Amino acid sequence: MNGKAATGGEARTRLERGRTALGPALELVHTGRAPTRAVLTAELGVTRATAGAVAAELEALGLISVDAKPSAAAGSQGRPSHRLSVAGTGPVALAAQVHADGFRAALVGLGGEIVATAPGCETIDADPAQVLGTVVDEGARLLRETGRRCVGAGLAVPSAVAEPEGTALNPLHLAWPAGAPVREIFADCVRAAGVTGPAFTGNDVNLAALAEHRHGAGRGARDLLCVATGHRGVGGALVLDGRLHTGSSGLALEVGHLTVHPEGRPCHCGSRGCLDVETDPLAFLTEVGVRPGPEGLLNQARTLLAERYAEPAVRVAAEALIDRLGLGLAGLVNILNPDRIILGGLHRALLDADPERLRAVVADRSLWGRSGGVPILACTLDHNSLVGAAELAWQPVLDDPLGALG
């Protein structure tokens, strides 16, 4: 009797421990840090039996796949282990991004996998509800076509997003009104389209940094600084110990308004020579002396760098932007002391064009020499802001898979 009671108590304890481990286990598989059940066991610090039960529960929820036969990696020793991967036909998040040259909707699964996309390059209406209604409808169409279960929706916008209200404070390049309640509008559109799950909104560069930290060039960094310029303007983000540092009200890392050219162009903020207007695609085209074309500012600037860099006017313009970007990065390094910097958008293309020049400027302007040696890498994910928007929708599932889906 007592033995049976003890055995039953132990079983309940293992069950509760396994349920507590579901979220951490899913995040390990989601970010690629637990490719096998043996690694999952070690990372969670549980017994093999508990790890097996956790993996089986996540598989039953349709979130991961466990191979039927354990296999050993080439050259490895010891007992083979079952391989773990995200479920190929599992749930998805609806991700949306709006920028100055259009919008895009996508379905994103675990592991940051983009399952389907629907670009919409058009003039962005000054009414946020009109734009967000259209992009959500595109996402809902993708859900119908694929038949995938939806866990929620996330939106990336080129503006600081104030918390907890979810208002876009400065959507300057969209002509939306300052303080537009984008989260509320987006959530209303999601509900109207019949899309299930909660809705979230965030700044596009913040979300790009989150995606790169979990699935791309920032993986493994402890203090990750991301600076990027997309279609217009410049944004920054900081990931500390795996979490976005957004400040007290969501407005941290507005790096676009660092002054890097005191006698430079007037900025929307009222100052002059900010990163926002000195290192974005429009600034580059202006430096070269090329008028903006119909293909979009970012695409046009990238094409110039890739195909005409040997021309003196293009090279000189690129060097001017690299020097200004390097000056801004050096100031951020001195303040934040990150262990890695990743660059996106046109900044990624500038790094590819002349990495030695950019790294030399940062090193020369950084304090103590050592801080100037921080690695500067290019972002590696396509559509990283979209993937980051999906991460917002996936987070409740990562926190509590059974509660969110069970």
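The name given to the chain in an unreviewed UniProt entry is Putative NBD/HSP70 family sugar kinase, and the organism recorded there is Streptomyces spectabilis. Check the Sequence similarities (unreviewed entry) section of the UniProt entry for the chain; it says "Belongs to the ROK (NagC/XylR) family."

As summarised here, the arrangement of the five strands in space is E12-E11-E10-E13-E14, forming an open sheet in which the pairing is mixed. At either end of the open sheet lies a strand with only one pairing partner, and these are strand E12 (243–244) and strand E14 (376–378). With three bridges connecting them, strand E13 (residues 340–345) and E14 associate as parallel partners. Residue pairing for E14: Ile 341 is matched across the bridge by Ile 376.

A few words on the domain arrangement of the chain. What the domain assignment lists for the chain is domain 1 (33–68), domain 2 (92–206 + 385–405) and domain 3 (217–378). Between the C-alpha centres of domain 2 and domain 3 there is a distance of 25 Å. Of the residues lining the interface, 15 residues belong to domain 2; the matching set on domain 3 comes to 20 residues. Both sides together, the interface formed by domain 2 and domain 3 hides about 1,300 Å², and carbon and sulfur atoms give 58% of it. When the buried surface of domain 2 facing domain 3 is broken down by residue, His 173, Val 205 and Asn 206 rank first, second and third, together holding 45% of it.

So, on to helix H3 (residues 48–60). Taking 1.5 Å per residue as the helical rise, H3 with its 13 residues ought to reach 18 Å, and the 18 Å between its terminal C-alpha atoms agrees with that figure. Turning to H3, its buried residues number three or more, namely Thr 50, Ala 51, Gly 52, Val 54, Ala 55 and Leu 58. Note on H3: the residue one or two positions beyond its end, Gly 62, has a positive phi of about 80°.

Now for the side chain of Asp 223. Its location among the elements puts Asp 223 in strand E10 (residues 223–229). Polar side-chain contacts of Asp 223 include one of 3.4 Å to the side chain of Arg 222. Once residues within four sequence positions are removed from consideration, Asp 223 is found in contact with Val 239, Leu 240, Asn 337, Pro 338, Asp 339 and Arg 340.

Core analysis: the biggest nonpolar cluster contains 38 residues, and Val 227, Phe 284, Leu 343, Leu 346 and Leu 358 have the highest contact counts within it. Elements supplying a minimum of two residues to this core: E10, helix H8 (281–288), helix H9 (297–308), helix H10 (312–336), E13, helix H11 (346–353), helix H12 (355–365) and E14. Looking at which element gives the most residues to this core, the answer is H10, with nine residues. Residues within four places of Leu 346 in sequence aside, it is in contact with Thr 229, Thr 279, Asp 280, Pro 281, Phe 284, Leu 298, Ala 301, Leu 305 and Leu 321. Core analysis: the next-biggest nonpolar cluster, separate from the first, contains 36 residues, Val 29, Ala 55, Ala 106 and Leu 386 among them.

Definitions and limits used
- Residues numbered from 1 in each chain as written.
- Predicted model: local features only at pLDDT ≥ 70, side-chain atom pairs only at ≥ 80, totals over all residues.
- Heavy atoms only, no water.
- UniProt positions renumbered as here; feature names shortened; annotations may be inferred.
- Pairing = 2+ DSSP bridges.
- Helix = DSSP H or I, 4+ residues; strand = E, 2+ residues; numbered from the N terminus.
- Domains from an automatic or database assignment.
- Contact = heavy atoms within 4.5 Å.
- Buried area = accessible area lost by both parts, 1.4 Å probe.
- Expected span 1.5 Å × (residues − 1).
- Buried < 20%, exposed > 50% of the residue type's maximum accessible area, 1.4 Å probe, protein only.
- Polar contact = N/O pair within 3.5 Å; in protein donor to acceptor, adjacent residues only side chain to side chain.
- Core = buried A, V, L, I, M, F, W, Y, C linked by side-chain atoms within 4.5 Å.

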